[in-house]
Amino acid sequence: MEYKLSDYGSLSIEQSPIGSMTADFSTTFRKGIDINLGVGYVNDDTIPSNELRECFSYVLQHSHIYKSSLNYGAAQGSNHLIHAIRDYYVTNGIGNVTQKDFDSLHIAIGANGATSILDAIADVLPKGIVFTVEPMYYIYTETLRRKGYTICAIPETDEGIDINYLKKYIETCDIHTISFFYIITVNNPTTQIITNTCKKEIVHIAEDISRKRGHIVPVIFDKAYEDIIYDSSVEKPESGLLFQSLPCVFEVGTLSKIIAPALRIGYVIAQYSTMFSSIIQRNNDVGFSAPLILQDVSSVFLQKYIKQHREKVMVGYAQKAKTIIDYIHKYLGNFVERVQGGKAGFYVYITFKTIQTHSSSDFFAFLSHTTKNSVIDGEKGNVNPRLLYVPGEMCMNEHSEQQELRYRQLRISFGFEPIEELERAVLLMQQAAEYAQKKSRSRIGI
Ligand SMILES: Cc1ncc(COP(=O)(O)O)c(C=O)c1O
């Protein structure tokens, strides 16, 4: 007999593409043989495990300060961590947010990383249109779709988002169907950095719609990678929170990318509002904010180590970005039309001239060793080195006007693999491109 599931349940039966990729990675990945440029893990050696161990001991040894840190926590989060995040912003000039700005701002810690805050937002807002940028963050937009939202993806520009396109689109749609704006400030997958002017314009557009409708249409700025912008020529990002005249901005951050994903610390900063308090209640409903011990450990890390650690992380990623982009130009130069990345985060987004990258392409088959040719794939039980990447098709909306592009783009993540593996990675991609080109020529009889 079958189950009767909710719409969300029915749409969740099949694993999402990223769900299967992560599952496959954790069960079949052969370290030192296969190359992971797909699953966006950070490099294990860059995780400050010694410092975290020290912070862990510190919290447990100071139980008069960190009370009940191995017990249940509160829904909004540990006060120690909330204060530490505020101090981290103020002392490091993050987003130009000052101590005074924090007088009217509140912080809540998610149950399980920024992902859980984004999920909570999707649960507390009415279903409708979500505006985002294309290429899109495929994980969250896929969640939103299953939860009943309609994704409207606006093309990316060198400024971040095509504001004119967005304005024109809004003129043609019923503004009562708009639910919220979801903008990643350093986009995943492209690492395109949104300018302060663009951020400001989005806030103004949302406020204008809010005034017309008589209630707030929120803007979620996801700043997962904003604290790791390493190109010094990039304008200093200002927090979207500073541009609002109505309380419509929610800034979502995470410690995953600058400290360690396993801490599962994500946070939201906003003015106090009904939406803010319903996010906190939602935390309560799924088992409170992140484990208290991890919040307190993170608070000590932020106070003691973040400055030097962040600098180290940025130097490391800047070096890796330059290395991999140089290899891409050297080995794939004839095949590529555009290479994005190298200023922030740990992704490079490649647009090929003609090579197809989607999951049924020859390029993909070569790198996953599913060509069914044993000379290329290797033997069962001894498959040749595989390389994982995220095909661009995952980052494009179903009805995208950029349909043709989606099949010849891909995202690679250089966070996980050590710098010494990057040349082998790009050489494998070069072989895959040559293989795909040969196959396509033989198909059309050249
Ligand atoms: C844009 C973006 N937002 C949020 C997250 C999730 O962060 P967390 O590990 O805190 O859940 C990621 C992780 O890859 C991301 O790329």
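Residues numbered from 1 in each chain as written. Predicted model: local features only at pLDDT ≥ 70, side-chain atom pairs only at ≥ 80, totals over all residues. Heavy atoms only, no water.

**Quick notes on the pattern of salt bridges**
Link 1 in the chain: On inspection of all chains with the given rule, the structure shows 18 salt bridges.
Link 2 in the chain: A salt bridge links E201 to K167, with the nearest nitrogen and oxygen atoms 3.4 Å apart. Note that E201 is positioned in helix α8 (residues 196-213) and K167 in helix α7 (residues 163-172), a separation of 34 residues in sequence.
Link 3 in the chain: Judged by relative accessible area, E201 falls into the partly exposed class, the value being 29%.
Link 4 in the chain: Put simply, D227 and K223 hold a salt bridge, and the shortest N to O gap is 3.0 Å. As far as burial versus exposure is concerned, D227 and K223 are alike and both buried. (Salt bridge = Lys/Arg side-chain N within 4 Å of Asp/Glu carboxyl O. Helix = DSSP H or I, 4+ residues; strand = E, 2+ residues; numbered from the N terminus. Buried < 20%, exposed > 50% of the residue type's maximum accessible area, 1.4 Å probe, protein only.)

**Focus: the site of the ligand**
Link 1 in the chain: Inspection of the region around the ligand gives 13 residues, with T115, D222, Y225, T254 and S256 positioned closest.
Link 2 in the chain: At 2.7 Å, a backbone N or O of A114 approaches an oxygen atom of the ligand.
Link 3 in the chain: Separating an oxygen atom of the ligand from a side-chain N or O atom of Y225 is a distance of 2.5 Å.
Link 4 in the chain: Protein burial of the ligand: of its 400 Å² of free accessible surface, 93% is covered by the chains.
Link 5 in the chain: A molecule is said to occupy a pocket when more than half its atoms come within 2 Å of that pocket's grid points, and by this definition the ligand occupies the largest pocket.
Link 6 in the chain: No other element matches the three residues that helix α5 (residues 113-124) contributes to the shell around the ligand. (Near = heavy atom within 4 Å. Polar contact = N/O pair within 3.5 Å; in protein donor to acceptor, adjacent residues only side chain to side chain. Areas by Shrake-Rupley, 256 points an atom, 1.4 Å probe, with all protein chains shown as cover. 1 Å grid on protein atoms, 1.4 Å probe; cavity = no way out; pocket = protein on both sides within 12 Å on 5 of 7 lines; lining within 4 Å. Sits in = over half its atoms within 2 Å of the grid points.)

**Concerning the sheet that holds strand β14 (residues 390-391)**
Link 1 in the chain: Across the sheet, which stays open at both edges, the four strands sit in the order β9-β10-β15-β14 with antiparallel pairing between neighbours. Since the sheet does not close on itself, it has two edges, and those belong to β9 (336-341) and β14, each with one partner.
Link 2 in the chain: Relative to strand β10 (residues 347-352), β9 is paired through five bridges, and the arrangement is antiparallel. Of the residues in β10, the one forming a bridge with G341 is V348. (Pairing = 2+ DSSP bridges.)

**Observations regarding the domain arrangement of the protein**
Link 1 in the chain: Domain boundaries in the protein define domain 1 (7-46 + 309-443) and domain 2 (49-304).
Link 2 in the chain: Computed over C-alpha atoms only, the centres of domain 1 and domain 2 are separated by 27 Å.
Link 3 in the chain: Taken residue by residue, the interface counts 34 residues in domain 1 and 39 residues in domain 2.
Link 4 in the chain: Of the roughly 3200 Å² buried between domain 1 and domain 2, counting both surfaces, carbon and sulfur atoms make up 58%.
Link 5 in the chain: Sorting the residues of domain 1 by area buried against domain 2 places R310, K343 and N397 first, and these three jointly supply 19% of that buried surface.
Link 6 in the chain: Counting every contact that joins domain 1 to domain 2 gives one salt bridge.
Link 7 in the chain: Between D158 and R338 there is a salt bridge, with the nearest N and O atoms lying 3.5 Å from each other.
Link 8 in the chain: Counting across the interface, domain 1 meets domain 2 through 17 residue pairs in polar contact (both at pLDDT 80 or more).
Link 9 in the chain: Where the side of domain 1 that touches domain 2 is concerned, the elements lending two or more residues are α1 (7-11), α11 (306-332), β9 and β10.
Link 10 in the chain: Sorting elements by how many residues they give to the side of domain 1 that touches domain 2 places α11 first, with seven residues.
Link 11 in the chain: Residue composition of the side of domain 1 that touches domain 2, by class: 18 nonpolar, 11 polar and five charged. (Domains from an automatic or database assignment. Contact = heavy atoms within 4.5 Å. Buried area = accessible area lost by both parts, 1.4 Å probe. Nonpolar A, V, L, I, M, F, W, Y, C, P; charged D, E, K, R; others polar.)

**So, the layout of surface pockets**
Link 1 in the chain: As a volume, the largest pocket reaches approximately 830 Å³.
Link 2 in the chain: In terms of lining, the largest pocket is formed by 33 residues, of which the most central are T115, Y137, I139, K257 and R264.
Link 3 in the chain: Listed by contribution, the elements that provide at least two residues to the lining of the largest pocket are α2 (17-28), α5 and α6 (138-146).
Link 4 in the chain: Looking at the lining of the largest pocket, the element that brings in the most residues is α6, giving six residues.
Link 5 in the chain: Along the lines of polarity and charge, the residues of the lining of the largest pocket split into 15 nonpolar, 11 polar and seven charged.
Link 6 in the chain: Per-domain counts for the lining of the largest pocket show at least three residues from each of domain 1 (7-46 + 309-443) and domain 2 (49-304). (Points joined across faces, edges and corners; volume = space filled by probe spheres on them.)

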